[in-house]
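# Chains, contacts and geometry: an overview
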Amino acid sequence: KRSFDAPAKLVWRAYMEPDLLRRWCTGTPGWSMPVCEMDMRVGGQYRWRWRSDENGQEFGFTGEVLEVVPQARIVHTQIFDSGDLGFFMGSEPSIVTVTFQEADGITHVATTIRYASKADRDAAFSTGMTDGMEMSYKRLDAVLAE
């Protein structure tokens, strides 16, 4: 869960528009998001790839959009592509649900990831993904302040 000092309309756009997502969703410093292809309607597909600025290693995610409730909820599958990082987080898709609730100009975002197995979940958490997510959220704070 994370809160942002911005209306839901703006936070929603930051999640739904490739040019905005690419600006903030880069994880730890030294990574960029060169591929951000998104068709964010039910049945649409997305493809995201991150690249290390230092050594060019890449990884990414692909998936399908399952549900869209504007400014309130998005649900999509997520399949990990380890690229050349050399670690495995399962081959079955996870289900990601993101909800947006605004109160007094503050938008509360909750992200739930349902992994196909406990082993997939443990593998994902072992990568330090939660630290990378928080670093991205701090960049989102700055993008929203603009």
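These figures come from a predicted structure and were not determined experimentally. (Residues numbered from 1 in each chain as written. Predicted model: local features only at pLDDT ≥ 70, side-chain atom pairs only at ≥ 80, totals over all residues. Heavy atoms only, no water.)

## A word on the sheet that holds strand S6 (residues 94-103)
What counts is decided by this rule: By the convention used here, strands pair only if DSSP detects at least 2 bridges between them. Numbering of helices and strands starts at the N terminus; helices are DSSP runs of H or I of at least 4 residues and strands are runs of E of at least 2. Structural elements are reduced to axes, namely lines fitted to C-alpha atoms, with helices fitted over the stretch in contact, and the angle between N-to-C directions of any two is expressed from 0 to 180 degrees. Whether two residues are in contact is decided by their heavy atoms: any pair within 4.5 Å suffices.
Reading across the sheet, the seven strands line up as S1-S7-S6-S5-S4-S3-S2 and stay open at both edges, with antiparallel pairing between neighbours. One side of each edge strand has no neighbouring strand; the edge strands of this open sheet are strand S1 (2-4) and strand S2 (31-38). Strand-to-strand twist in this sheet, taken as the mean axis angle between neighbours without regard to direction, amounts to 25°. Inspection of the sheet shows strand S3 (residues 45-52) paired to strand S4 (residues 58-69) by seven bridges, in the antiparallel sense. Along S4, the bridge assignment pairs Gln45 with Glu64. Here helix H1 (residues 8-16) sits on the sheet in contact with S1, S2, S4, strand S5 (73-81), S6 and strand S7 (106-114), set at roughly 155° to S6. Across the sheet, helix H4 (residues 129-145) is in contact with S1 and S7; its angle to S1 comes to roughly 10°.

## Side note on helix H3 (residues 118-126)
What counts is decided by this rule: Remark: exposure states derive from per-residue accessible area (1.4 Å probe, protein chains only) relative to the maximum for the residue type, with buried under 20%, exposed over 50%, and partly exposed in between. In this description, the arc belongs to the directions extending from the helix axis to the C-beta atoms.
Of the residues making up H3, those classed as buried are Asp120, Ala123 and Ala124. Along H3, the residues classed as buried sweep out an arc of 100° about the axis, all on the same side. Exposed and facing more than 90 degrees away from the buried side of H3 are Lys118, Ala119 and Ser126. Contacts from the buried residues of H3 go to H4. Downstream of H3 by one or two residues, Gly128 has phi in the positive range, about 85°.

## So, the packing of aromatic side chains
The criterion, for reference: Any Phe, Tyr or Trp ring, taking Trp's six-membered ring, that has another such ring centre within 6.5 Å forms a pair; planes under 30 degrees apart are called stacked, those over 60 apart edge-to-face, and the others tilted.
The full count for this structure, using the stated rule, is 13 aromatic pairs. Relative to Trp48, the ring of Tyr46 has its centre 4.2 Å away and its plane inclined at 40°; by these criteria the two rings are tilted. Taken together, the ring pairs in this structure connect Trp31, Tyr46, Trp48, Trp50, Phe59, Phe61 and Phe80 into an aromatic cluster.

## A look at the side chain of Arg49
How we decide: A 3.5 Å cut-off defines polar contacts: any pair of N or O atoms within that distance qualifies, except that in protein one atom must be a possible hydrogen donor and the other a possible acceptor, and neighbouring residues in sequence count only when both atoms are side-chain atoms.
Here Arg49 shows up in strand S3. A relative accessible area of 10% means that Arg49 is categorised as buried. Of the polar contacts made by the side chain of Arg49, one reaches the side chain of Glu58; its length is 2.9 Å. Within the local environment of Arg49, its side chain forms a polar contact with the side chain of Asp81, the two groups lying 2.8 Å apart. Leaving out residues up to four positions away in the same chain, Arg49 has contacts with Ser32, Met33, Pro34, Val35, Glu58, Phe59, Gly60, Asp81 and Gly83.

## Focus: the pattern of salt bridges
Our working definition: What counts as a salt bridge is simple: a side-chain nitrogen of Lys or Arg found within 4 Å of a carboxyl oxygen of Asp or Glu.
For the structure on display, the rule yields 12 salt bridges. Arg2 is paired through a salt bridge with Glu134; the nearest N and O atoms lie 3.1 Å apart. Here Glu134 lies in helix H4 and Arg2 lies in strand S1, a separation of 132 residues in the sequence. Taking relative accessible area as the criterion, Glu134 reaches 30% and is therefore assigned partly exposed. Residue Glu17 is joined to Arg13 by a salt bridge in which the shortest nitrogen-to-oxygen separation is 2.8 Å. Its relative accessible area of 30% is what places Glu17 among the partly exposed residues. By relative accessible area, which is 36% here, Arg13 ends up partly exposed. When salt bridges that share partners are traced, they join Arg49, Arg51, Glu58 and Asp81 into one network.

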